[in-house]
Each structure stands twice: as C-alpha cells, then as structure tokens.
Amino acid sequence: MTRPSILVTRAVFPDVLDHLRQHFEVEANQADDAWSADELAQRLQGKAGAFTSGADPITAALLARCPGLKICANMAVGYNNFDVPAMTAAGVLATNAPDVLTETTADFGFALLMATARRVTESEHYLRAGKWTRWAYDMFSGCEVHGSTLGIIGMGRIGQGIAKRGALGFGMKVIYHNRSRLDDATEGQCRATYVGKEALLRTADHVVLVVPYSKESHHTIGAAELALMKPTATLVNIARGGIVDDAALAVALRDKRIAGAGLDVFEGEPKVHPDLLTVPNVVLTPHIASATVGTRRAMAMLAADNLIGYLVHGKPLTPLNPEVMA
Ligand code: GLV
C-alpha cells in the first residue's frame, strides 16, 4: 500500500520529522524558507496532509488548488490562519494544538505582566547603555503587582491559568470578562469575579488579553477602551495581533494614558508598529509565549499525532471541524 504524502511547512524538531516518516512520505522545510501562497499550493499538490504553523494561511483559494488535501494540523492552539468554514466545505479536517501549552503560556503572560509593571526591560536598557551612575529614590519605580486588581479578558484555559497565578501566588483580586460566564465551580477555583468589559477596564490595575482572534474580537482594545483604563494601569497582550489597535496603543503609551504595556503579538507581525519601537514603557517579545523546549516539542508532537491519528487510524486527537469525518 502506498503511504500518504504530507508537507511540513516550517522547520521542526528532527525527531518529530522521524516520527512522521514512520508513517508518511514527508516533504519538509528544514531550511525554514518563506513560501508564498503560490509556492505553498504547488508543494501541496499530491499531499494528503499539511503540518502547518499558525502563520500559514489556509484559505478557500488555496484549498481550491489542492483537491487531494485531507487535513491541516496546526502547531498552535490559535487557528485564525485557517478558514475553517472553507476547510469544512472542502472536506479538509482542521486540528490545533490545545492544552499542552496552557501552563507555559500562562507563565509567560505573568512574566510579561511582571516585566511591564516593574519596568524590567526599560531599566535593563538603561543599565546596558551605561547610564546607571548613581542610585535614586524614584529610579524605575513601577506599579504594584501583589494585592492589585488583575483584569483578564478571555477566560479560556490560559486565562484561567493566569487567574490562578494572580489569585493564589500574588494575592490579587481577579476580575474577568468573557463571551460567556464560567460556571460557579470554575470561578471558585480561579477566585475570579465576572464583570462587564467597561467595568474591567475602569477597575483593573493590570489588564491581560487572552481572547482568540476573530472579526468580532478585532480591536477589542482601541483608543476608546484605553481611555477607560487607569493612568497607572498596564496592558498585556498574549492573544493575537489585531486584538489591540497597536497605533492607538502607541499613542496612549507615549501620552502616558496608561503606565505601560507588554506585547508578545502584533498587528501584521513580524512587522511591529514603528511607534511601539520608540516608546520606552513597553516590553516587546517576538510571539514566544509558548516557547519552552518541552512545550514546543509537545505542540509539534500533537500536530504530528493529529496527522497520524487521522490519515492512518481515522481518529484525530483534537479536531476543530469533526463534521468532515461524518
Ligand atoms: C500561539 O500563539 C498559539 O496559538 O499556539
């Protein structure tokens, strides 16, 4: 029996490729070349599966050119690079990589919150530039974290992980806003109280965004929302670029409308709005919230096991549109 062929669109752990090669003919991209949409479509000819990154757009136009494609397995929990309705219409299964990154990503959300509140990178740049010649009583004074109010927008698994860290580790009062309210038991475990979005923005000392990207969540935070926040508050975005209006945020940071921001994701990344690069009160990281060796390996293995699960055994692990299997 001929083995199915698959495409791995980006460089990945060599042992994950070995795992895939036990079941498939694998075309890999270990040189990590950037492929255009046209090149991606060409390379997908004759492939039954694709191991994709969260930056590979899987669109209706691409699917129309790849009639043999049966599954795209994203090595990311977010899947706004997938047009899921178009995939379903084309009979292509979509899978993502949830759960394995929850705690690691919640850790990083907290790291960005701490770095932003306590001005870690700003003060490091000052030190590295040789500007630290003497101590001063108000040097890089930041915002309190322990005992403050943490506002979380998007209370899925990662949001809940951040809530627990804040409530149990730092004695924070946790408020959250979400499309739907959590059940009482989950709210209790997270020590979190549901509030409206406006109340959250007005009250929180630290606002953390963990909401998935969609047309509806585009610019969840823009100039109007930033104007509601306390001038002493910080904003952290570990969700997706486009959840925040980055141009409006740069203005708010420049004018000290809010105290600071920590951003791991950007509109149009890997490009970063130039004004964000010039304001000092922002911590910037290149979309690395899930980046520990163990977690990235687990995400890659889950994407691989989704391909094997579906194409070899007919049972994917984390399908997003299981109706295509009916
Ligand atoms: C990272 O952003 C992911 O969605 O896994």
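Every value quoted in this text rests on a predicted model; they were computed, and no experiment measured them. (Residues numbered from 1 in each chain as written. Predicted model: local features only at pLDDT ≥ 70, side-chain atom pairs only at ≥ 80, totals over all residues. Heavy atoms only, no water.)

This part takes up the site of the ligand. The environment of the ligand is formed by Ala-76, Val-77, Gly-78, Leu-101, Arg-240, His-287 and Met-299. Within the backbone of Gly-78, one N or O atom sits 2.7 Å away from an oxygen atom of the ligand. (Near = heavy atom within 4 Å. Polar contact = N/O pair within 3.5 Å; in protein donor to acceptor, adjacent residues only side chain to side chain.)

Turning to the sheet that holds strand β3 (residues 49-52), a few remarks are in order. In a beta sheet, neighbouring strands pair by backbone hydrogen bonds and run either parallel or antiparallel. The strand order across the open sheet built from five strands is β2-β1-β3-β4-β5, with neighbouring strands paired in parallel fashion. Edge positions in the sheet fall to β2 (25-27) and β5 (93-95), since each has one partner strand and no second. Strand after strand, the sheet turns through a mean of 15° between neighbouring axes, direction not considered. Sheet analysis places β3 next to strand β4 (residues 71-74), joined by four bridges and oriented parallel. Across the sheet, the residue bridging to Ala-50 is Cys-72, located in β4. Of the strands in this sheet, β1 (5-8), β3, β4 and β5 are in contact with helix α13 (residues 293-311), which crosses β4 at around 160°. (Pairing = 2+ DSSP bridges. Helix = DSSP H or I, 4+ residues; strand = E, 2+ residues; numbered from the N terminus. Axes fitted to C-alpha atoms, helices over the stretch in contact; angles between N-to-C directions. Contact = heavy atoms within 4.5 Å.)

Time to look at the packing of helix α5 (residues 102-117) against helix α7 (residues 157-170). Angle between the axes and distance between the axes: these two values describe a pair of packed helices. Put simply, α5 and α7 touch, their axes get as near as 8 Å, and they point 55° apart. By the angle class used here, α5 and α7 are oblique. With respect to the hand of their crossing, α5 and α7 are arranged in right-handed fashion. Contacts between α5 and α7 pair Thr-102, Glu-103, Thr-105, Ala-106, Asp-107, Gly-109, Phe-110 and Met-114 from the former with Arg-157, Ile-158, Gly-161, Ile-162, Arg-165, Gly-166 and Phe-170 from the latter. Of the residues in the contact of α5 with α7, the class split is six nonpolar, five polar and four charged. (Parallel < 35°, antiparallel > 145°, perpendicular 65-115°, else oblique. Left-handed = near helix turned anticlockwise from the far one by under 90°. Nonpolar A, V, L, I, M, F, W, Y, C, P; charged D, E, K, R; others polar.)

In this description, a pair of aromatic rings is defined by centroid distance and the angle of the planes. Evaluated as defined, the whole model comprises three aromatic pairs. Each ring, one from Tyr-126 and one from Phe-140, has its centre 5.0 Å from the other, and the planes form 75°; the classification is edge-to-face. Residue Tyr-126 is found in helix α6 (residues 120-128), and its partner Phe-140 is found in the loop between α6 and β6 (149-153); the two are separated by 14 residues along the sequence. The ring of Phe-13 carries the charged tip of Arg-297 above its face, separated from the ring centre by 4.5 Å. (Phe/Tyr/Trp six-rings, centres within 6.5 Å; stacked < 30°, edge-to-face > 60°. Lys NZ or Arg CZ within 6 Å of the ring centre and 35° of its normal.)

Glancing now at the domain arrangement of the protein chain. When its domains are assigned, the protein chain resolves into domain 1 (5-100 + 293-325) and domain 2 (102-284). On a C-alpha basis, the centroid separation for the pair domain 1 and domain 2 is 32 Å. Taken together, the contacts link seven residues of domain 1 with five residues of domain 2. Considering only the surface of domain 1 that becomes buried against domain 2, Asn-80, Asp-99 and Thr-295 emerge as the three largest contributors, covering 68% of it. Viewed at the interface, domain 2 and domain 1 are joined by one salt bridge. Notably, a salt bridge pairs Asp-99 with Arg-157, separated by 3.0 Å at the nearest N-O pair. (Domains from an automatic or database assignment. Buried area = accessible area lost by both parts, 1.4 Å probe. Salt bridge = Lys/Arg side-chain N within 4 Å of Asp/Glu carboxyl O.)

Okay, the nonpolar core next. Val-207, Leu-226, Leu-235 and Leu-249 are the most contacted members of the largest nonpolar core, which totals 29 residues. Those elements that provide at least two residues to this core are α9 (197-203), β9 (206-209), α11 (246-254) and β11 (260-263). Residue contributions to this core peak at five residues, all from α11. Sequence-distant contacts of Leu-226, defined by excluding residues within four places in its chain, comprise Ile-221, Leu-235, Ala-248, Leu-249, Ala-252, Arg-257 and Ile-258. Counting residues in each nonpolar core, the second largest holds 28 residues, with Ala-106, Phe-110, Ile-162 and Ala-289 among its members. (Core = buried A, V, L, I, M, F, W, Y, C linked by side-chain atoms within 4.5 Å. Buried < 20%, exposed > 50% of the residue type's maximum accessible area, 1.4 Å probe, protein only.)

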